[in-house]
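# An overview of the molecular structure
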Amino acid sequence: MLSARNRMRRSTEFDATVKYGLRSVQPDVVVHVRRGSAPEDSSGLEREYGPRVGLIVAKRVGSAVERHRVARRLRHVARPMLGSLHPLDRVVIRALPSSRHVSSAWLEQQLRSGLRRAFELAGSQR
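Source: prediction; values computed, not measured. (Residues numbered from 1 in each chain as written. Predicted model: local features only at pLDDT ≥ 70, side-chain atom pairs only at ≥ 80, totals over all residues. Heavy atoms only, no water.)

### Re the environment of V92
- Relative to the helices and strands, V92 is located in strand β4 (residues 89-95).
- C-alpha separation for the pair V92 and G21, spaced 71 residues apart in sequence, amounts to 9.2 Å.
- The contacts of V92, once residues within four sequence positions are left out, are M8, F14, T17, V18, V30, V31, H32, G54 and I56. (Helix = DSSP H or I, 4+ residues; strand = E, 2+ residues; numbered from the N terminus. Contact = heavy atoms within 4.5 Å.)

Dropping the structure here:
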């Protein structure tokens, strides 16, 4: 599971990441990545906490039980990837309806591929 300090909670973080970040579409998830240039608050706490990950699991994914299952699996596969992210990185993972039918290993592979692709795009734009 993701620790509380690595979870996105504010809608402004979600909105900025989705709107201004880079998007990588995979068969069962869409990965949005945004690297901040400075801490979001003046106290510098963002720098200590490291990267933040947010999930979007819409009703189209399925019933509440299915949505929670998909969210738990996504949080579980996202946790090991935190070490490879920059402390100012923001990642939003949007689950597509087909994500409820695939294994956690497949979700992990898609998340890794999506992050790699988004960072490749970021490198080519800078």
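From this point, the discussion proceeds with the structure in view.
### Structural notes on empty space enclosed by the protein
- Evaluation of the coordinates by the stated rule reveals 1 cavity of 30 Å³ or more.
- Approximately 30 Å³ is the volume found for the largest cavity.
- Looking at the lining of the largest cavity, its residues break down into 8 nonpolar, no polar and no charged. (1 Å grid on protein atoms, 1.4 Å probe; cavity = no way out; pocket = protein on both sides within 12 Å on 5 of 7 lines; lining within 4 Å. Points joined across faces, edges and corners; volume = space filled by probe spheres on them. Nonpolar A, V, L, I, M, F, W, Y, C, P; charged D, E, K, R; others polar.)

### Details of the side chain of D89
- Looking at where D89 falls in the secondary structure, it is placed in strand β4.
- Within the local environment of D89, its side chain forms a polar contact with the backbone nitrogen of H86, the two atoms lying 2.9 Å apart.
- Excluding anything up to four places from it in sequence, D89 contacts R34, R35, P51, R52 and F119. (Polar contact = N/O pair within 3.5 Å; in protein donor to acceptor, adjacent residues only side chain to side chain.)

### Focus on the environment of S99
- Its place among the elements puts S99 in the loop between β4 and α4 (104-125).
- For the pair S99 and V70, spaced 29 residues apart in sequence, the C-alpha separation works out to 7.0 Å.
- Apart from residues lying up to four places away in sequence, S99 is in contact with D28, V61, V70, R73 and L107.
- Separated by 2.6 Å, the side chain of S99 and the backbone oxygen of L96 make a polar contact.

### Concerning the layout of surface pockets
- Estimates place the volume of the second largest pocket at around 160 Å³.
- The wall of the second largest pocket is formed by L2, R7, M8, F14, V53, G54, L55, V57, R67, H68, A71 and R75.
- Contributing elements (two or more residues each) for the lining of the second largest pocket: β3 (52-57) and α3 (64-78).
- Along the lines of polarity and charge, the residues of the lining of the second largest pocket split into 7 nonpolar, 2 polar and 3 charged.

### Considering the environment of S3
- Position of S3 relative to the elements: it lies in the segment before α1 (11-20).
- Using a relative accessible area of 31% as the deciding quantity, one classes S3 as partly exposed.
- Sequence spacing of S3 and R75 is 72 residues, and the spatial spacing of their C-alpha atoms is 9.5 Å. (Buried < 20%, exposed > 50% of the residue type's maximum accessible area, 1.4 Å probe, protein only.)

### Notes on the pairing of strand β2 (residues 29-35)
- With 5 of 7 residues buried, β2 is to be regarded as a mostly interior element.
- Of the pairings in the sheet, the one linking strand β1 (residues 22-25) to β2 comprises 4 bridges and is antiparallel in character. Counted as the bridge partner of L22 is V33 from β2.
- Between β1 and β2, which pair antiparallel in sequence order, lie 3 residues.
- In this sheet, β4 lies alongside β2 in antiparallel orientation, the contact comprising 7 bridges. Within the sheet, the bridge partner assigned to R35 lies in β4 and is D89. (Pairing = 2+ DSSP bridges.)

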